[in-house]
Amino acid sequence: MTSFPTGFLWGTSTAAYQIEGAVSEDGRGPSIWDTFAHTPGKTVGGETGDVAADHYHRHAEDVAIMRDLGLGAYRFSMSWSRMQPAGTGPLNPGGVAFYDRLLDELHAAGIRPWVTLYHWDLPQLLEDAGGWPERDTAHRFADYAAAVHARFADRIADWLTLNEPWCSAFLGYFNGVHAPGRTEPAASLRAMHHLLLGHGMATAQMRAARPDLRYGLSLNLYPVDPRSASRQDADAVRRIDGVSNRLFTDPVLASTYPADIASDLGADWPADAIRADDMATIAVPIDMLGINYYTRHVVFGGEAGTSTTAFDNGWIGCAGVGKAMRGYPVTSMGWEVDPAGLYDVLTRLKDRYPGLPPVYITENGASFDDVVTDDGQVHDAARVDYLDAHFRQARRAIDAGVPLRGYFVWSLLDNFEWSFGTTRRFGVVHVDYSTQRRTVKDSGRFLRRVATANAIPDRQ
Ligand code: FCB
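Residues numbered from 1 in each chain as written. Predicted model: local features only at pLDDT ≥ 70, side-chain atom pairs only at ≥ 80, totals over all residues. Heavy atoms only, no water.

Peer 1: Would you mind going over the sheet that holds strand β7 (residues 224-226) in detail, with residue names and values included?
Peer 2: Spatial strand order, β7-β9-β10: three strands in an open sheet with mixed pairing. The open sheet is flanked by β7 and β10 (322-323), the only strands paired with a single partner. In terms of strand pairing, β7 meets strand β9 (residues 297-300) through three bridges, oriented parallel. Looking at β9, one finds that D225 is bridged to V298. (Pairing = 2+ DSSP bridges. Helix = DSSP H or I, 4+ residues; strand = E, 2+ residues; numbered from the N terminus.)

Right, here's the structure in full:
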């Protein structure tokens, strides 16, 4: 057995638009993801999150599954446009009632709620007013966060402002593969700044109201390594690490943007949008940093046009830099399985930022083409192996001094995987979308063993 420290938290993560469905019920307004998914050509097969995993109606069953899996915590996001349909004004009673019901179930099951306030579903009316490239959106977010916090602070102790602002800014506004689907480099950098500003303002307001609770955000981070020892590859590492990691960790943890990246981005850099006090606002102290880890980037420079993955399009200002595939096993997302990358991302973070706050893995998991076999089960051995190997690297990181306190697997359920629709399955629980029947996969049972024992069982 490989044990974890007492009190280590085990959970699963989800996001509102990916599981809830019920997009027009009880006063919910449209978000940018409703608009985007309903735009022809934006998602595989034209799928939308209109129904998704129907969690809105099945939350009691889903919480019962989590209780059965022995999980101590559940990270979910609240849908902004369900809570505040127009992006401003009073909270929608129908939305509040839904999350009250969910929280009732979680409390009864003894599962700690961790809430994400923004997992990519901006109310459409705020996008119509310009979206995240507009500074006003940061204010709208802070107001929204304060309103939700005032209503739920007595029921939720752990608050994450943003999920993966890299994705919101660059997939949403730079390469347009996510909502709202804009392809405007300069605007995407303004979006980045206003997302971070919104995080800082929201956190300060919430903490002022309840200093006893915990606040943070979740970032998608990658270890970035060179394909060779060449000078071009070293520079590719600098640039990709800069735009995917340091653009977010430096402002949040060190109150500065990386000067080399600002210089690389030249005229697109949003210098005029960054006001005098903004960096201090963004670097508001946080109680925990959520890290979402999926894979490593091995990169090379100097060979324009030879990029090998779609992710390369998300790397603003990095034309001519490519991502190398190493022949490792890949998930059905095409992402290389690299458990040691989790150790590297955690230890490099600790080395770069002295005084790193407590860290939680807020997402890690894998999509595979699961099938329900004749015995009615899902024998997802590859996902069991994936989780086992990543859990071991998390333990190694703790031994190396990383203040890692918990681990949320992505995801509880198979769900609407953004532009891939339901064609990618990340759940430890299988969903049959024709019946909405849930089947705990072998990986779910594996997670139960780990969570219950707070230890990884020895491999047979
Ligand atoms: C992350 C997202 C999450 C899910 C996983 C696979 O980037 O936060 O919603 O899509 O990837």
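More follows now that the structure is in view.
Peer 1: Account for the pairing of strand β6 (residues 214-220), naming residues and giving values.
Peer 2: With six of seven residues buried, β6 is to be regarded as a mostly interior element. Pairing between strand β5 (residues 158-163) and β6: four bridges, direction parallel. Bridging across to β6, D158 finds its partner in R214. (Buried < 20%, exposed > 50% of the residue type's maximum accessible area, 1.4 Å probe, protein only.)

Peer 1: Requested: an account of the site of the ligand, with residues and values cited.
Peer 2: Close contacts around the ligand come from Q18, H119, W120, N163, E164, Y294, E363, W410, E417, W418 and F426, and that covers them all. In the environment of the ligand, an oxygen atom lies 2.9 Å from a nitrogen or oxygen atom belonging to the side chain of E417. Relative to its unbound accessible surface of 300 Å², the ligand loses 95% to contact with the protein. Looking at the shell around the ligand, its residues break down into five nonpolar, three polar and three charged. (Near = heavy atom within 4 Å. Polar contact = N/O pair within 3.5 Å; in protein donor to acceptor, adjacent residues only side chain to side chain. Areas by Shrake-Rupley, 256 points an atom, 1.4 Å probe, with all protein chains shown as cover. Nonpolar A, V, L, I, M, F, W, Y, C, P; charged D, E, K, R; others polar.)

Peer 1: Account for empty space enclosed by the protein, with residues named and values stated.
Peer 2: All chains considered together, the criterion is met by two cavities of 30 Å³ or more. When its volume is computed, the largest cavity comes out at roughly 60 Å³. Along its surface, the largest cavity is lined by I32, W33, Y118, W120, W132, C167, S168, G172, Y173, H178, A179 and P180. No other element matches the four residues that helix α8 (residues 165-173) contributes to the lining of the largest cavity. When its residues are assigned to classes, the lining of the largest cavity shows nine nonpolar, three polar and no charged. (1 Å grid on protein atoms, 1.4 Å probe; cavity = no way out; pocket = protein on both sides within 12 Å on 5 of 7 lines; lining within 4 Å. Points joined across faces, edges and corners; volume = space filled by probe spheres on them.)

Peer 1: Go over the layout of surface pockets with me, naming the residues and quoting the values.
Peer 2: Counted as a void, the second largest pocket has a volume near 190 Å³. Lining the second largest pocket are 15 residues, with Y222, D241, N245, R348 and L349 sitting closest to its centre. Those elements that provide at least two residues to the lining of the second largest pocket are α10 (231-254) and α13 (340-352). The residue makeup of the lining of the second largest pocket, split by class, is eight nonpolar, two polar and five charged.

Peer 1: Let's hear about α8: which residues, and what values?
Peer 2: α8 sits mainly inside the fold: nine of its nine residues count as buried. Looking only at α8, the buried set comprises P165, W166, C167, S168, A169, F170, L171, G172 and Y173. Along its buried surface, α8 packs onto β4 (112-118), α6 (124-128), β5, α9 (185-209), β6 and α10. (Contact = heavy atoms within 4.5 Å.)

Peer 1: Can you explain unusual backbone geometry? Please cite residues and give values.
Peer 2: For the bond running from A179 to P180, omega is 5 degrees, close enough to zero to count as cis. Along the chain, P180 falls in the loop between α8 and α9. Between W410 and S411 the backbone carries a cis peptide bond, its omega angle lying at 10 degrees. Its place among the elements puts S411 in the loop between β12 (404-410) and β13 (429-432). Even without glycine at this site, Q436 takes up a positive phi of about 65 degrees. Of note, Q436 is situated in the loop between β13 and β14 (437-440).

Peer 1: So what about the sheet that holds strand β11 (residues 359-363)? Which residues, and what values?
Peer 2: Overall, parallel pairing links the eight strands, which are arranged β2-β3-β4-β5-β6-β8-β11-β12 in a closed barrel. In this sheet, neighbouring strand axes are inclined to one another by 25 degrees on average, regardless of whether the strands run parallel or antiparallel. Sheet contacts for helix α14 (residues 381-399): β2 (9-13) and β12; angle to β12, the most-contacted strand, approximately 165 degrees. On the sheet, helix α15 (residues 442-453) packs against β2 and β12 and is oriented at approximately 150 degrees with respect to β2. (Axes fitted to C-alpha atoms, helices over the stretch in contact; angles between N-to-C directions.)

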